[in-house]
Every structure is written in C-alpha cells, then in structure tokens.
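Listed below are the residues making up each chain.
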Amino acid sequence: MNDKPQIKLSETVVLIDAAFLNFVITDMKRYFEETLQRSLQEIDLSMLTTYLTLDAGIAEGKNEVQFLFVYDKESGNLAHCQPSDLEKELNGVAFQSPYGEYSFASVPSEGMVSREDLFLDLLSIVADSADVKKMILVSFNEEYGKKVTDALNEVQGKEIVQFRMNEPDTPVAYKWDMLAFPVMQALGIRADEL
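Residues numbered from 1 in each chain as written. Predicted model: local features only at pLDDT ≥ 70, side-chain atom pairs only at ≥ 80, totals over all residues. Heavy atoms only, no water.

- Under an unreviewed UniProt entry, the protein has the name L-selectin and belongs to Bacteroides xylanisolvens.

Given below as structure tokens:
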C-alpha cells in the first residue's frame, strides 16, 4: 500500500520536526531570559527560516526553498513564533526574500503514523527525489537521531546540512551545524550579550 503524498519538491528542501524546534526555542528563550535578565522578542518565522538557510550556505538569488514541517497534536503551533499555526497559517504559503522564494508545507502525523515515522518517511522521499539538490534537516535527535544519521549517511549526490543542538556521537558523511545560532539570532540575542 503506497499512499505517500506526491509532493513536487524544490531544489532545496528544509525538513523540520516542529516538536524539536518548539523544544529548543522554549528552552533557549527561558534560559536566555533568565541569564540576560530581559524578555526576548517573539520569533519572526521569516527571519528564523532565513537565518537557517544562510547558515546552511544559501546565497542571494532565485533559490526555491521548500520548508516541510512535520508535527503532531502537541506541536501544531510553533512556540514563540509569528506566524505559528502550522495548519492554518503555515501550510501552502510562501514569501519572497533576497534569497529566493521560501514556501511552507505542514504535514501532520495523524492516525497510524508517529511523528518520527513521518519524519523518516519524508526524509526518504526527499533523499530519493531527483529534483532535490540540497537537504537541510532539523530532526529530533534525542528521540530518533540514530535512524536519521544512518539514513543521511546513505544519501548520495546531495548536499546535506543537519542542524543539531550537539555534536554527532560518531563521524558523519555530511555537514552539520548548531541550531542554537539561528534561533538565538531570531530571538534577538546579540553576540555581545553572551
């Protein structure tokens, strides 16, 4: 039975586990508000997505960047972000920036499929797509990181950047970067405050 959704994929696809992004944003906002003794701004999602892609090496130009947000009942709203509703505000929308067109699709894990399985299914669809040249991932490594690492180490012929909160346990065959930096930037934390 193969009823995977047929999605037309862009050259650059950013696959994000919304539950992990929420966990990181909430944790960092709480920590830095305590540390810096000030309240932090809500995240403008267009800025966060731009910082993520810049850190992943996207240059100015006519890029097509597609964001796929995987979420479950608990993570249907992005924490401390505007816009935040994955179903109503962030599904099938796009914005133009100096770096190209950024489009958003939100994919709920409902019924029989867990968020983890859905993320891994989409990862495999993106990895197999001839259209996709660059994959950028934000996965919930504390929950299913080894499966993601194993899958990514198998991918051939694509540029891969994984955003994480800590270094991989074992050497990986792809590029990774710290998720903390674009999130801190989007929260309005300045380097001179650290």
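**Details of the nonpolar core**
- Ranked by size, the top nonpolar core spans 65 residues in total, and within it Phe-69, Leu-78 and Met-135 carry the most contacts.
- If you tally residues by element for this core, the top one is helix H1 (residues 18–36), at nine residues.
- The contact partners of Met-135, leaving out residues within four places of it in the chain, are Val-13, Leu-123, Val-126, Ala-127, Leu-152, Val-155, Lys-158, Glu-159, Ile-160 and Val-161. (Core = buried A, V, L, I, M, F, W, Y, C linked by side-chain atoms within 4.5 Å. Buried < 20%, exposed > 50% of the residue type's maximum accessible area, 1.4 Å probe, protein only. Helix = DSSP H or I, 4+ residues; strand = E, 2+ residues; numbered from the N terminus. Contact = heavy atoms within 4.5 Å.)

**Some words on the packing of aromatic side chains**
- Within the structure shown, the criterion is met by eleven aromatic pairs.
- When the centroid spacing of 6.4 Å and the interplanar angle of 20 degrees are considered together, the rings of Phe-67 and Phe-69 count as stacked. Both residues of the pair, Phe-67 and Phe-69, count as buried. (Phe/Tyr/Trp six-rings, centres within 6.5 Å; stacked < 30°, edge-to-face > 60°.)

**Some points on the packing of helix H3 (residues 115–128) against helix H4 (residues 141–154)**
- Where H3 contacts H4, the two axes come as close as 11 Å, and the packing angle between them is 10 degrees. For the element pair H3 / H4, the angle class is roughly parallel. The element H3 and its partner H4 pack so that their crossing is right-handed. Contacts from Arg-115, Glu-116, Phe-119, Leu-120 and Leu-123 of H3 reach H4 at Glu-143, Tyr-144, Lys-147, Val-148, Ala-151 and Leu-152.
- Tallied by class, the residues present in the contact of H3 with H4 amount to seven nonpolar, no polar and four charged. (Axes fitted to C-alpha atoms, helices over the stretch in contact; angles between N-to-C directions. Parallel < 35°, antiparallel > 145°, perpendicular 65-115°, else oblique. Left-handed = near helix turned anticlockwise from the far one by under 90°. Nonpolar A, V, L, I, M, F, W, Y, C, P; charged D, E, K, R; others polar.)

**As for the sheet that holds strand E9 (residues 175–178)**
- As summarised here, the arrangement of the seven strands in space is E5-E6-E3-E1-E7-E8-E9, forming an open sheet in which the pairing is mixed. The two strands at the open ends of the sheet, each matched to only one other strand, are strand E5 (93–97) and E9. Within the sheet, the average angular offset between the axes of one strand and its neighbour, ignoring direction, is 20 degrees.
- In the packing of helix H2 (residues 45–55) onto the sheet, contacts are made with strand E1 (12–17), strand E3 (63–71), E5, strand E6 (100–108), strand E7 (134–138), strand E8 (159–164) and E9, and the angle to E6 comes to roughly 105 degrees.
- Its contacts with the sheet put H3 on E1, E3, E6 and E7, and the angle it makes with E1 is roughly 170 degrees. (Pairing = 2+ DSSP bridges.)

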